[in-house]
Amino acid sequence: MVKYSTVMISNTVGRNLGVLMLIMTAAVAVGHSNTLLSTDFYYHSCPNVLSIVESVVVQAVQREARMAASLLRLHFHDCFVQGCDGSVLLNDTPTFRGEKTAGPNNNSLRGFDVVDEIKAQLEKACPGIVSCADILAIAAKDSVVLSGGPEWSVMLGRRDSRSASFSGTNQDIPAPNSTLQTLITKFKRQGLNQVDLVALSGGHTIGQSRCTSFRQSLYGKLDSSVEQSYSTELKSRCPRSGGDNVLSALDVVSPTKFDNHYYKNLEMLKGLLTSDEELIHAEQKGAPNHLTRAIVSAYALNEEEFFEQFAKSMVKMGNIKPLVGSKGEIRNNCARIN
């Protein structure tokens, strides 16, 4: 993890994009990159892989704009447990417990049908070639771009795991009520630093969350930190009990457009989840070495800076412990082991 000077966390410095560029330069990618991944991995074996994935994602997002956020989230939840290996896609069987029914995923993760459609089309075009883990990485990028976000070259060549981790899902996926220190710790475990944490949290500029995920921020200790009219509106839809599956936009201004309003909302005290609010409030509670508030301010001011770092952090996240070479397998069906 990069060490930062406490001087850098002042609001003045947080609003200085030049200084933030130095911070980002110092935050060099750590950890899990693998040179066996490449952008042209399927150049000969499945040359149309990118266009096939994109065509299915386009249709899915046209049917339901929310699907873009769901596909992005699938990739995130996959990579944070056992690395980017497609383990999140495996169904439970009488002898196998997957990750779908673990706390962070159960009745929450979506988009499995879209992944299945992508896989079916790829199996027709180039059977046994493209991994489900790579499908998740490509679909996440396409979802961001279709929503107005940045483009990046996806590193490919991952293989699919033959295992999953129910316990790892419960332990490693950051919860919506996480404190900043918990977020930092869980990201650090994956080789991701505070810059990556704030940039990847920006994925919340699209999508929705269930009442059960943000109720604590409404009625817990952070309630006083939420803008009053916003809090009142949310409470009218999410009572103290009941209505667990009522949805609210993670970005109240532009819920289907990938932009920097997520950060502007945080500065206006309109973060939906506790984990969102913590990015700006934790420093007020005795955490002077955390840079998250400064980075939030910079991204709120400059969307281009956010886009640039989001793309870098997505590539970095996609490099978390991939299975390559002869490890794992290429699943014929993403929901089950061959």
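Residues numbered from 1 in each chain as written. Predicted model: local features only at pLDDT ≥ 70, side-chain atom pairs only at ≥ 80, totals over all residues. Heavy atoms only, no water.

By the naming in an unreviewed UniProt entry, the protein goes by Peroxidase and is assigned to Taxus chinensis. As recorded by UniProt, the Function (unreviewed entry) comment attached to the protein reads in full: "Removal of H(2)O(2), oxidation of toxic reductants, biosynthesis and degradation of lignin, suberization, auxin catabolism, response to environmental stresses such as wounding, pathogen attack and oxidative stress." (UniProt positions renumbered as here; feature names shortened; annotations may be inferred.)

Draft legend 1. Representation of the overall build of the protein. Tallying secondary structure elements over the protein gives 15 helices and 2 strands in all. Of the contacts formed within the protein by residues at least 6 apart in sequence, a portion of 77% connects residues at least 24 apart. Counting only carbon and sulfur atoms, one obtains 51% of the accessible surface of the protein, whose full area is about 14,200 Å². (Helix = DSSP H or I, 4+ residues; strand = E, 2+ residues; numbered from the N terminus. Contact = heavy atoms within 4.5 Å. Areas by Shrake-Rupley, 256 points an atom, 1.4 Å probe, with all protein chains shown as cover.)

Draft legend 2. Representation of the UniProt feature "binding site: Ca(2+) 2" (unreviewed entry) in the protein in the model. UniProt's entry tags T205, D251 and D259 with the feature "binding site: Ca(2+) 2" (unreviewed entry), counted in the numbering of this structure. Annotated residues spanning 55 residues; largest pairwise C-alpha distance 9.6 Å, indicating a single compact cluster. Of note, D251 is situated in the loop between β2 (247–249) and α12 (261–267). In this structure, D251 is in contact with H204, T205, D259, H261, Y262 and N265, ignoring residues within four places of it in sequence.

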